[in-house]
Amino acid sequence: MGDDDGVAIRLSHGPRRPRLAMADLACACAEVPSLRWMRRDRRLGHGMPRREAKRDETESHRALIKNGKYFVPPEGDDDFKALFKRVAAAGGGRPVDQEGFPQGPWTPHLLAEAISRIEANRAGIDLRTVQLWFQDNDKGVSADNIRWLARIFGCDDPAATSAWQAALSAAQARLMARRRGKGRPDEPDARHPGEDDGPPAAVGETPAPPQAPDGQDRAAARRGVDLARRSEAVLSHGSPLDLPATVFAGAVALGFLSYVLGIHSVTYARDDGISQQAGFLWAPNWTVLFMVVLPLFFAFAGELLVFWKSEGRPSLLGGGDRSDSDAGWRRQVAASSTTYWAVFLICFGFAGVVQWVGVRLIPLLRGGGDHAIDWGALATVRPDIISVPQAIAFTGLAYLYMSLCFYLLFAGLILLHTVAHDYWTLDQASGGRIGPQSRPEAREVGLRVLRGIFRCTVCGLLVAVCMKLQSSYVTTSAENIWRWLVNDARFILPGSGDLVGRGVYKTPTHYTSLLTAAATAVVFLYAFLRVGRGHGLTAARGRMAAAVALLVAGYLAIDAFPGFSILLGAAILVAIYGLFDPGFGSDPRGTLEG
């Protein structure tokens, strides 16, 4: 037995050679170097298959990641429903975390936002269409939506997208074949709503325009001037002081012009011999409204919109990709595009041009009319102060400014409604988990949204109050508006004297102020019912609703009965306090549940 050549042991059952004990054999093996190396290689080699398998598994896992998203290869002969549900549950096309795992399965809301994010998909997609894909029905998918789904499942990889486009087209064909075999053999080419007949567009090509309803065609035709998104940008982009400061500066400029023209503080003699104040700076609907109330509204609305887009909405979506949240918000804003155009037409066409022509231009040209005298009609009673051409130019500029500001006011109300509706939509999409059983930060988002809308509601109602006060004052025989309010409050006291007389005039501002108050109150009511719906009332929510109801009552009471100014003053004081503390002393950490 050599030391270097190994050990040769022959075991025999014959009597001539004794059997070696196991201990002797182990000692012999330990003394031979080559056997020691054999034992070491055997120990080292025992873990190699596991490491190679782990490395192969890691490399295979990395192969399933494309462009930072989880890729699921298109396999199987399933129809569209089965294929779609399998890939959606696996999270195909979803972003991956640091360890390479997908961030959960697809939900209808997440998939709709991802499809709307695709730059080539300018029309977006409706959430209800995506919800149909997740449901157990026979509805398929259109050719254009096949292209968008292929982009999502293919992780924006051209080769993978092409493979998925072919797989989805084949799966859709199998679904149609199965549907024809189930009960409609006489309609081989029938389609459910939302499906197209043409083949899907190739990767990189622009798809054919979808068969959209007339309203969607009109909206698409207006894409060049996206009024909804531009209005949202004016209210929420840039510095939070930009819009309030601009509105304030415009009001200050009009005040300076009135001072230059000499109509800032002017009295005229009425037919009954009373000298009444009709100056521009004495009109609360042109001073208090545009210098104080409206800038506050824009400041509160802008603050809420910035919070909702940057913190609130992403928080309710689970803190996922911010771009997905931004795309979903843009889609919500664009959904109200027709409403913005309708408001634009009313504010500039009717409240602006038509009202200016009927209330200002025609009476100035004719030398009078059925409307009460105020700063805009002074040229007919005090031509020594301002001429008719000057009055026409000044009132035209003022009404243009008013039309723009009131359009932005109503656009802000639309956006507040959109925020409340978006919150409710996310609540429904999550199965109502944003309520009391959800994360505390999610409930806090809802309460903060409601408080922001409450502040804007108070400002909107104060706008209506300023308008109705001025419109009611010019019909009375009071010397100025403050004397009128004080005398009305003193009327309930014994020996206060007679009521202030009034004339019979047309008051179109009564109607516009009522529209403003109604629109503002409806937005708050919608938010009150949608944000935290079904979770009861806290003390803070109840106090906010009571404050709004009190302010609405104060608005309706203006010039309705003697002593209205007391109720109005109390309502305004409560509302102003609510601007600083919307919870009215309740715990700021309170939640939406009862």
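Thresholds, definitions, all that
- Residues numbered from 1 in each chain as written.
- Predicted model: local features only at pLDDT ≥ 70, side-chain atom pairs only at ≥ 80, totals over all residues.
- Heavy atoms only, no water.
- Helix = DSSP H or I, 4+ residues; strand = E, 2+ residues; numbered from the N terminus.
- Buried < 20%, exposed > 50% of the residue type's maximum accessible area, 1.4 Å probe, protein only.
- Contact = heavy atoms within 4.5 Å.
- Areas by Shrake-Rupley, 256 points an atom, 1.4 Å probe, with all protein chains shown as cover.
- Salt bridge = Lys/Arg side-chain N within 4 Å of Asp/Glu carboxyl O.
- Phe/Tyr/Trp six-rings, centres within 6.5 Å; stacked < 30°, edge-to-face > 60°.
- Lys NZ or Arg CZ within 6 Å of the ring centre and 35° of its normal.
- Axes fitted to C-alpha atoms, helices over the stretch in contact; angles between N-to-C directions.
- Parallel < 35°, antiparallel > 145°, perpendicular 65-115°, else oblique.
- Left-handed = near helix turned anticlockwise from the far one by under 90°.
- Nonpolar A, V, L, I, M, F, W, Y, C, P; charged D, E, K, R; others polar.
- Core = buried A, V, L, I, M, F, W, Y, C linked by side-chain atoms within 4.5 Å.
- 1 Å grid on protein atoms, 1.4 Å probe; cavity = no way out; pocket = protein on both sides within 12 Å on 5 of 7 lines; lining within 4 Å.
- Points joined across faces, edges and corners; volume = space filled by probe spheres on them.
- pLDDT = per-residue confidence, 0-100.
- Expected span 1.5 Å × (residues − 1).
- Bend = angle between axes of the 7 residues up to and from the residue.
- Patch = residues over 30% accessible without salt bridge, like charges linked within 9 Å, V, L, I, M, F, W, Y side chains within 5 Å.
- Disulfide = S-S within 2.5 Å.

**Student:** Residue-level account of the overall build of the protein, with values.
**Tutor:** When helices and strands are counted, the protein shows 20 helices and four strands. Across the 594 residues of the protein, 43% fall into the buried class. Taking all contacts inside the protein whose residues are at least 6 apart in sequence as the whole, residues at least 24 apart take part in 71%. Total accessible area on the protein stands at roughly 30200 Å², and carbon and sulfur atoms take up 59% of it.

**Student:** Go over the pattern of salt bridges with me, naming the residues and quoting the values.
**Tutor:** For the structure on display, the rule yields 12 salt bridges. In this structure, the salt-bridge partner of K309 is E232, at a minimum N-O distance of 2.7 Å. With a gap of 77 residues between them, K309 in helix 11 (residues 288–316) and E232 in helix 9 (residues 227–236) connect regions that are remote in the sequence. One salt bridge in this structure joins R313 and D422, with 2.5 Å as the shortest N-O distance. With R313 in helix 11 and D422 in helix 15 (residues 388–429), the pair connects residues that are 109 residues apart, well separated along the chain. Taken together, the shared-partner salt bridges connect K69, R151 and D156 into one network.

**Student:** Tell me about the packing of aromatic side chains, and name the residues and values.
**Tutor:** Inspection of the entire model under this criterion finds 27 aromatic pairs. Between F84 and W133, the ring centres sit 5.8 Å apart and the planes meet at 75°, which makes this aromatic pair edge-to-face. Of the two residues, F84 is situated in helix 3 (residues 80–90) and W133 in helix 5 (residues 127–134); the sequence distance between them amounts to 49 residues. Classification of W133 by relative accessible area gives buried; the value is 1%. Among the aromatic side chains, those forming a connected cluster through ring pairs are F280, W286, F290, W375, F394, Y399, Y401 and F406. Just above the ring of F71 sits the side chain of K66; from NZ or CZ to the centre is 5.1 Å. Just above the ring of F528 sits the side chain of R541; from NZ or CZ to the centre is 4.5 Å.

**Student:** So what's going on with the packing of helix 4 (residues 108–117) against helix 5? Which residues, and what values?
**Tutor:** Between helix 4 and helix 5, the shortest axis-to-axis distance is 9 Å and the interhelical angle comes to 125°. Accordingly, the angle class assigned to the pair helix 4 and helix 5 is oblique. Between helix 4 and helix 5 the crossing geometry is right-handed. Contacts between helix 4 and helix 5 involve P108, H109, L111, A112 and I115 from the first element and L127, V130, Q131, W133 and F134 from the second. When the residues that make up the contact of helix 4 with helix 5 are grouped by side-chain class, the tally is eight nonpolar, two polar and no charged.

**Student:** Lay out the packing of helix 18 (residues 508–530) against helix 19 (residues 539–557) in plain terms, naming residues and giving numbers.
**Tutor:** Between helix 18 and helix 19, whose axes approach to 12 Å, the crossing angle comes to 170°. In terms of orientation, helix 18 and helix 19 fall into the roughly antiparallel class. Viewed along their axes, helix 18 and helix 19 form a crossing whose handedness is left-handed. Across from H510, S513, L514, A517, F524 and F528 in helix 18, the residues of helix 19 making contact are R541, M544, A545, V548 and Y555. Partitioning the contact of helix 18 with helix 19 into residue classes produces eight nonpolar, two polar and one charged.

**Student:** Which residues make up the nonpolar core, and what values go with them?
**Tutor:** Among the nonpolar cores identified, the biggest contains 105 residues, and W286 and F290 are the most heavily contacted of them. Examining the composition of this core, we find that 21 residues originate from one element, helix 15, more than from any other.

**Student:** Outline empty space enclosed by the protein, listing residues and values.
**Tutor:** Remark: the empty space left among the atoms is shown by a probe the size of a water molecule rolled over them. Evaluated as defined, the whole model comprises one cavity of 30 Å³ or more. Quantified by volume, the largest cavity comes out at close to 40 Å³. When grouped by side-chain class, the residues that make up the lining of the largest cavity number six nonpolar, three polar and one charged.

**Student:** Hey, could you go over the confidence of the model for the protein for me, with residue numbers and the actual values?
**Tutor:** With 74% of its residues at a pLDDT of 70 or more, the protein has an overall mean of 79. Per-element confidence in the protein ranges from a low mean pLDDT of 41 for helix 8 (residues 214–221) to a high of 96 for helix 10 (residues 242–261). For the stretch residues 184–224, pLDDT sits under 50, and the model shows 59 contacts to residues farther than four places along the chain or on other chains. Here residues 590–594 is a poorly scored stretch, pLDDT under 50, and it has 21 contacts once near neighbours within four places are set aside; other chains count.

**Student:** Break down the layout of surface pockets for me, with residues and values.
**Tutor:** What the second largest pocket holds in volume is close to 820 Å³. Those elements that place two or more of their residues in the lining of the second largest pocket are helix 11, helix 13 (337–366), helix 15, helix 16 (440–473) and helix 18.

**Student:** Residues and numbers for helix 13, please.
**Tutor:** Across its 30 residues, helix 13 extends 40 Å between first and last C-alpha, which sits within 8% of the 44 Å expected from 1.5 Å per residue. By the largest-angle criterion, V357 marks the main kink of helix 13, which is about 40°. Along helix 13, the residues classified as buried are S337, Y340, V343, C347, G352, Q355, W356, V359, R360, L361, P363 and L364. Positioned one or two residues after helix 13, G367 has a phi angle of 85°, which is positive.

**Student:** Help me get a handle on unusual backbone geometry, residues and values and all.
**Tutor:** Unlike most non-glycine residues, D156 shows phi in positive territory, near 60°. In this structure, D156 sits in the loop between helix 6 (143–153) and helix 7 (158–183).

**Student:** Any details on a nonpolar patch on the surface? Residues and values, ideally.
**Tutor:** There is a patch of nonpolar side chains on the surface, built from L345, I346, F350, V353 and V354 and spanning about 490 Å² of accessible area. Along the chain, the position of V353 falls in helix 13.

**Student:** Got a sec to walk through the state of the cysteines? Specific residues and values, please.
**Tutor:** Working definition: the covalent bond between the sulfur atoms of two cysteines is a disulfide. The full count for this structure, using the stated rule, is zero disulfides. Free cysteine: C456, not disulfide-bonded; nearest cysteine sulfur from C459 at 6.5 Å.

**Student:** Lay out the environment of E303 in plain terms, naming residues and giving numbers.
**Tutor:** Looking at the element boundaries, E303 is found in helix 11. Classification of E303 as partly exposed rests on a relative accessible area of 46%. Distance in space between the C-alpha atoms of E303 and P240 is 6.9 Å, their sequence separation being 63 residues.

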